[in-house]
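Summary of the model geometry
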Amino acid sequence: MQLQQTLLLPTLAVLLISLALSTALPDDEDRYQPVALDQMVSVGRTVILTCTVTETDNYSLSWRNKAQQTMYFGDKKALRDSRIQLHNSTPTELSISISDVQLSDEGEYTCSIFTTPVRMARATLTVLGVPGKPVISGYQEQVQEGASVTLKCTSSGSKPPAKLRWYRGDQELIGRPDIVESDPGAPTYTVISELLVTASRQDNHQPIVCEVEHVSIGEGEEKKRTESYLDVLYSPSVRIQPSSDLPREGEKFHLECISDGNPAPSSFVWEKKDADLPALAKSNNSYLRFEALNKSDAGVYLCTANNDVGQEQSQYTLLVQGVQGGCEVGLPAQNLDFEKKKQQTQTETQALLQIEREKLALYRERLEIEKERLALEREKFEWEKKKHSEL
């Protein structure tokens, strides 16, 4: 008999609740009507479900999960789940916490007060799938300057689908529209984004970043991002640096061929324009050394740097000043200032030309980026147009 009563109690309780719901008063006229708010939480975190009521007259509040299992009746725990704990219990409030929330916890939870009739309030728990750290693939270990590279960024486990963004330094790059795929056997998504890059020497060993943007990542939290470093092969850039701006006859002097390339220049070739190198001038890789300058050393010197990609050449005009009366050997004293200014002007002109070349290269790079952006916008427009026509 006692066993039969035990089995009948849950069935009787459900019938009483159903009957009570059919005769419940409107919420705005019922002081005993409980109130519960919807909640949103990320996987692995803790959420608090709170149920409040204006008056109880000593009736108890209870919480049931989405399977209609009672979790707490007043301050008494009714479900064996270590993740569920009492947060607060007063005559007018019952709050419980659920730790280490999982995607399977998502659903509708019910707060009840066992008056006559029984009143209920429902709260929807939405669980956010946290996206995984993005993975970048699709790039080669080495790429030639000017070649196109398609980078692919993938992040799994997000719910709702995450948004992927690309950056070069602080500059945001426009990738192709994200591809969203459902994860097998889970209510989460994998998001894929592709970025087309035309490799330049400025990209060499510079980070290209893929970053995840998602509602589960709050402000101030560490961003989920991955960096990729391109190894861009390019021919050398060259300039010649003198050891002194006023080389004098009889002094030690050298020219240095300063070069940047990837791979690093493997050889340097020194030449004197329209003549052989002076017999006492010693070339040592990127240096051309003079133990004691002579008037015959004056002239135009060329340095050519070579690597596996190509070569580049630069030139420098050497003017040798004499030791008698401060005059340049082979030149009248009155022409010395003119020659100094001429050499200075040549140096400044070379520097300005280098700056202009760099500006032109930057302009071309920006132009390519703008072309890529317009192409992607056009692709996105065609895709949306096609999608609209299908609808």
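Let me sum up the structure you'll find in this document. Per chain, residue numbering runs from 1 following the sequence as it is written. Thresholds applied to this predicted model are a pLDDT of at least 70 for local features of residues and 80 or more for the giving and counting of side-chain atom pairs; totals over whole chains, interfaces and linings are not thresholded and use all residues. Hydrogens and water are ignored here; the side-chain numbers use all heavy atoms of the structure.

**Here we look at the overall build of the chain**
Per the convention used, a helix needs a DSSP run of H or I reaching at least four residues, while a strand needs a run of E reaching at least two, with both numbered from the N terminus. Helix and strand counts for the chain stand at 2 helices and 26 strands. By the convention used here, residues are in contact when the closest approach between their heavy atoms is within 4.5 Å. For the chain, restricting intrachain contacts to residue pairs at least 6 apart in sequence, the fraction spanning at least 24 positions comes to 63%. Values of accessible area rely on a 1.4 Å probe in the Shrake-Rupley scheme; residue burial ignores everything except the protein chains shown. With the model as given, the accessible surface of the chain reaches about 23600 Å², and the carbon-plus-sulfur share is 51%.

**Thoughts on the state of the cysteines**
Working definition: a disulfide is two cysteine sulfur atoms within 2.5 Å of each other. Under the defined criterion, the tally for this structure stands at 3 disulfides. What pairs with C51 in a disulfide is C111, and their sulfur atoms sit 1.8 Å apart. The disulfide joining C51 to C111 has a torsion of about -75 degrees about its S-S bond and is therefore left-handed. Placement of the pair is C51 in strand β3 (residues 47-52) and C111 in strand β9 (residues 107-113), with a sequence separation of 60 residues. For the pair formed by C51 and C111, the shared burial category is buried. Across a sulfur-sulfur distance of 1.9 Å, C153 and C210 are joined as a disulfide pair. One quick way to see it: the torsion about the S-S bond of C153 and C210 is about -85 degrees, and its sign makes the bridge left-handed. Placement of C153 in strand β13 (residues 148-158) and of C210 in strand β18 (residues 207-213) is noted, with a sequence separation of 57 residues between them. Between buried and exposed lies partly exposed: a residue is buried under 20% and exposed over 50% of the maximum accessible area for its type, with that area taken using a 1.4 Å probe on protein chains only. Looking at C153, the relative accessible area reads 0%, which means it is buried. Look at C210 and you get buried, because its relative accessible area is 0%.

**Topic: the pattern of salt bridges**
When a carboxyl oxygen of Asp or Glu is within 4 Å of a side-chain nitrogen of Lys or Arg, the pair counts as a salt bridge. Scanning all chains against the criterion turns up 19 salt bridges. Among the ionic pairs, K159 bridges to E106, the shortest N-O distance being 2.7 Å. Here K159 is found in the loop between β13 and β14 (163-168), whereas its partner E106 is found in the loop between β8 (93-98) and β9, with 53 residues between them in sequence. A relative accessible area of 28% places E106 in the partly exposed class. A cluster of three or more residues bridged by salt bridges with shared partners is formed by D81, R83 and D105.

**Side note on the packing of aromatic side chains**
Ring pairs are drawn from Phe, Tyr and Trp, using the six-membered ring of Trp, whenever the two centres fall within 6.5 Å, and their geometry is named by plane angle: stacked under 30 degrees, edge-to-face over 60, tilted for the rest. Applying the stated rule across the entire model yields 3 aromatic pairs. When the centroid spacing of 5.5 Å and the interplanar angle of 40 degrees are considered together, the rings of F73 and F114 count as tilted. Taken as a pair, F73 in strand β5 (residues 70-73) and F114 in the loop between β9 and β10 (119-128) lie far apart in primary sequence, 41 residues in all. A relative accessible area of 36% means that F73 is categorised as partly exposed. When the centroid spacing of 5.7 Å and the interplanar angle of 85 degrees are considered together, the rings of F290 and Y301 count as edge-to-face. Of this pair, F290 sits in strand β24 (residues 287-290) while Y301 sits in strand β25 (residues 299-306), placing them 11 residues apart in sequence. By the ring-pair criterion, three or more aromatic residues cluster together here, those being F253, F290 and Y301. Cation over ring: R289 sits above Y287, and NZ or CZ is 4.5 Å from the ring centre. Each ring is checked for a lysine NZ or an arginine CZ that lies within 6 Å of its centre and within 35 degrees of its normal; such an atom marks a charge sitting over the ring.

**Observations concerning the sheet that holds strand β11 (residues 135-137)**
Strand pairing is assigned whenever DSSP identifies at least 2 bridges connecting the two strands. Overall, antiparallel pairing links the 4 strands, which are arranged β11-β13-β17-β16 in an open sheet. Two strands close off the open sheet at either side, each with one partner strand: β11 and β16 (179-182). When strand polarity is set aside, the average angle formed by the axes of neighbouring strands in this sheet is 25 degrees. Axis angles are defined between N-to-C directions and span 0 to 180 degrees, where every axis is a line fitted to C-alpha atoms and, for a helix, only to the segment in contact.

**Quick word on the sheet that holds strand β15 (residues 171-173)**
An order of β15-β14-β18-β19 is seen for the 4 strands of this open sheet, with the pairing classed as antiparallel. The sheet is open, and its two edges are formed by β15 and β19 (225-229), each paired on a single side. When strand polarity is set aside, the average angle formed by the axes of neighbouring strands in this sheet is 30 degrees. Pairing between β18 and β19: 5 bridges, direction antiparallel. For P207, the partnering residue across the bridge sits in β19 and is Y229.

**A word on the layout of surface pockets**
Any empty space left between atoms is shown by rolling a water-sized probe over those atoms. For cavity detection a 1 Å grid was placed over the protein atoms alone, and a set of points counts as a cavity when a 1.4 Å probe fits there but cannot get out; an open set counts as a pocket when protein lies on both sides within 12 Å along at least five of seven lines, with lining residues being those that have an atom within 4 Å of a point. Grid points are joined across faces, edges and corners, and a volume is the space filled by probe spheres set on the points. Empty space within the second largest pocket amounts to approximately 350 Å³. Together, 17 residues line the second largest pocket, and K163, G175, R176, P177 and K380 are the ones closest to its centre. Elements with a contribution of two residues or more to the lining of the second largest pocket: β14, β15 and α2 (336-390). When residues of the lining of the second largest pocket are assigned to their parent elements, the largest contribution, 5 residues, is made by α2. Tallied by class, residues from the lining of the second largest pocket come to 7 nonpolar, 2 polar and 8 charged. All amino acids are sorted into three groups, where Ala, Val, Leu, Ile, Met, Phe, Trp, Tyr, Cys and Pro are nonpolar, Asp, Glu, Lys and Arg are charged, and the leftover types, Gly among them, are polar.

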